[in-house]
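Coordinate analysis (summary)
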Amino acid sequence: MEKQSYSKAFYYGFLQFLFMLYYWGGLIYFPYYFKQAGVSDARIGLLVSLISLTVVVLVLPIGVLLDRISPKIFFLAGASIAAIFPVLFLVRSFPRWFELYILVFGISVALIQIAISALFLKEMGEDSRGGQTAIFSIGDILGAGLGSEIGGRFIERFGGRGLFWMLLGFAGLLLIVGLTLPRIRGIAFHLSEYREDLKHPLTWILIFIVMIVASHAGFEYAGYTLLQTEVIGLTAGQVGRLFLYISFSMAVVTYLVGRLNDRIKQQVLLAGLALILSGIFQSLSGYAQNFSQFLVIRILHTTGDSAFFLLIYVIASLAFSKKRAGGNWALILMIRHASIFLFSNIAGAINQSLGFPQGFLASGIIMVFAGLIVIFWLRPKLGVRSFLLS
């Protein structure tokens, strides 16, 4: 049974890998592309935040429907829309239409992201949750790293249009592999049953952690690439290469944290410590002087990222019923993307008025304080110590 669970984790990890090739391979370079098109920093923050706003609006109804209809349908619809998005830029790349184009990207992300996550949670085995989640998360991390590297190479070789040809290819891969997804039958149940999962103390800790983690993602979406190109002076190719190197270190940390989680089962404590570690080095990121310094700081920062990304899935698997995984995970994604939307716009304003280093400093301070709240207030208040629930 455990072997079967791990084989499913590898399958969904591979699917997540392909999705992140598309998602992060494009997302990390959108600010760079928009900057080259003459868009202001504040509008770049708005454009990037529209992806999250679209997900916020759509993901909850998608998640509820996904519990009643085969998730495969939603995935294939999302992959089809993902292929339409780059075609829009390739046919007519007009700056006044960028907001409309980004909405299309957001729709594809909402459909694909909730389908993969819900399928993984529905089919996760009861034993070795940390190990299974580590495999799934490593697919996510390596997809983001390789997508960034390939995106940087395409931009350097073919210019901005090359990025969208790459995204079209990745969308095609998603469509092909999506045809192999299992058709899991939906289960009819009353909507009020979702309230049962909200009564679990882990759910509220999960919501808080996701909201804070997403706040730092909002700052990164709006300024991560521009910090490297505008402040540190890296090229688009170096940006992708750096993220590829970071993804390898994140994969190793994710594996180790997954093994550690299955042994000590202190998910909330580990998540709080990870927030503090990530926040410290998020604050320092804006003050790196060159490629090597930034690489070291970001590896230390993403050590914390790797831990709480994995723990978010583990905590969700403990708190949520499998049959309601679609709707419940949709709630988490809605909160995540609402936070990203808010903080992408805040980051855009800070970046334009104070500069990118100050934006990363503010983001890191928020994370450090949040980690302290998780450890010293939320855990005692909700009676959370150790969760040996499997």
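Just so you know, these numbers come straight off a predicted model, no measurement behind them.

Notes on the overall build of the protein chain
Helix and strand content of the protein chain: 14 helices and zero strands. Each principal axis of the C-alpha distribution contributes one length, and for the protein chain these read about 50 × 45 × 35 Å. Across the 390 residues of the protein chain, 60% fall into the buried class. Taken as a whole, the protein chain presents about 14800 Å² of accessible surface, with 68% of it coming from carbon and sulfur.

What about the packing of aromatic side chains?
For the structure shown, the criterion picks out 30 aromatic pairs. Taken together, a centroid distance of 6.0 Å and an interplanar angle of 10 degrees make the contact between Y23 and F105 stacked. Residue Y23 is found in helix α1 (residues 2-27), and its partner F105 is found in helix α5 (residues 98-123); the two are separated by 82 residues along the sequence. For Y23, a relative accessible area of 2% translates into the label buried. The exposure class of F105 is buried, given its relative accessible area of 0%.

Structural notes on α5
With 26 residues, α5 should cover 38 Å at 1.5 Å per step; its first-to-last C-alpha distance of 38 Å lies within 8% of that length. Of all 26 residues in α5, 21 are buried; the element is thus mostly enclosed.

Concerning the nonpolar core
Grouped together as the largest cluster of nonpolar side chains are 130 residues, with contacts concentrated most on Y22, F30, F34, F75, F85, F164 and W329. The residues touching F164, leaving out its near neighbours within four places in the chain, are F30, Y33, F85, P86, F89 and L90. A222, F343, A347 and I350 belong to the second-largest nonpolar core, a separate cluster that totals five residues.

Considerations on the packing of helix α3 (residues 41-66) against α5
Look at α3 against α5: their axes get within 7 Å of each other, and the N-to-C directions meet at 40 degrees. Here α3 lies oblique to α5, going by the angle between them. Taken as a pair, α3 and α5 cross one another with a handedness that is right-handed. Here the contact of α3 with α5 is built from residues that sort into 19 nonpolar, three polar and three charged.

Comments concerning the pattern of salt bridges
For the structure on display, the rule yields five salt bridges. The partner of D41 in a salt bridge is K35, with the nearest N and O atoms 2.8 Å apart. For D41, a relative accessible area of 15% corresponds to the buried category.

A short note on the environment of F14
With respect to the secondary-structure elements, F14 resides in helix α1. Counting along the chain gives 126 residues from F14 to D140, while the straight-line C-alpha distance between them is 8.2 Å.

A short note on the confidence of the model for the protein chain
Mean pLDDT over the protein chain stands at 85; residues scoring 70 or higher make up 93%. Long-range and interchain partners of residues 386-390, a stretch whose pLDDT sits below 50, account for 17 contacts in this model, where long-range means more than four residues apart.

Some words on a nonpolar patch on the surface
Nonpolar side chains collect at one region of the surface, where Y287, L361, I365, F369, L372 and F376 lie side by side and expose about 590 Å² of accessible area between them. The residue F369 is located in helix α14 (residues 356-381) in this model. For F369, a relative accessible area of 54% translates into the label exposed.

Side note on the side chain of S117
With respect to the element layout, S117 can be found in helix α5. One polar contact links S117 to Y313, side chain to side chain, over a distance of 3.1 Å. Excluding anything up to four places from it in sequence, S117 contacts Y313 and W329.

Regarding the environment of I107
Inspection of the secondary structure puts I107 in helix α5. For I107, a relative accessible area of 30% puts it in the partly exposed group. Residues I107 and L318 lie 211 residues apart in sequence; the distance between their C-alpha atoms is 29 Å. Leaving out residues up to four positions away in the same chain, I107 has contacts with T54, L58 and I81.

Quick look at the packing of α5 against helix α13 (residues 325-353)
Remark: α5 packs on α13, axes separated minimally by 9 Å, with the N-to-C direction vectors making an angle of 135 degrees. Comparing their axes, α13 and α5 come out oblique. Taken as a pair, α5 and α13 cross one another with a handedness that is right-handed. Packed against α5, whose contacting residues are Q113, I114, S117, A118, L121 and K122, the element α13 presents A325, G326, W329, A330, L333, R336 and H337 at the interface. Looking at the contact of α5 with α13 residue by residue, the class counts come to seven nonpolar, four polar and two charged.

Some points on the side chain of Q228
Relative to the elements of secondary structure, Q228 occurs in helix α9 (residues 201-232). The class of Q228 is buried, set by a relative accessible area of 0%. Not counting the four nearest positions on each side in its chain, Q228 is found in contact with G233, L234, V239, L242 and F294.

What counts and how
- Residues numbered from 1 in each chain as written.
- Predicted model: local features only at pLDDT ≥ 70, side-chain atom pairs only at ≥ 80, totals over all residues.
- Heavy atoms only, no water.
- Helix = DSSP H or I, 4+ residues; strand = E, 2+ residues; numbered from the N terminus.
- Buried < 20%, exposed > 50% of the residue type's maximum accessible area, 1.4 Å probe, protein only.
- Areas by Shrake-Rupley, 256 points an atom, 1.4 Å probe, with all protein chains shown as cover.
- Phe/Tyr/Trp six-rings, centres within 6.5 Å; stacked < 30°, edge-to-face > 60°.
- Expected span 1.5 Å × (residues − 1).
- Core = buried A, V, L, I, M, F, W, Y, C linked by side-chain atoms within 4.5 Å.
- Contact = heavy atoms within 4.5 Å.
- Axes fitted to C-alpha atoms, helices over the stretch in contact; angles between N-to-C directions.
- Parallel < 35°, antiparallel > 145°, perpendicular 65-115°, else oblique.
- Left-handed = near helix turned anticlockwise from the far one by under 90°.
- Nonpolar A, V, L, I, M, F, W, Y, C, P; charged D, E, K, R; others polar.
- Salt bridge = Lys/Arg side-chain N within 4 Å of Asp/Glu carboxyl O.
- pLDDT = per-residue confidence, 0-100.
- Patch = residues over 30% accessible without salt bridge, like charges linked within 9 Å, V, L, I, M, F, W, Y side chains within 5 Å.
- Polar contact = N/O pair within 3.5 Å; in protein donor to acceptor, adjacent residues only side chain to side chain.

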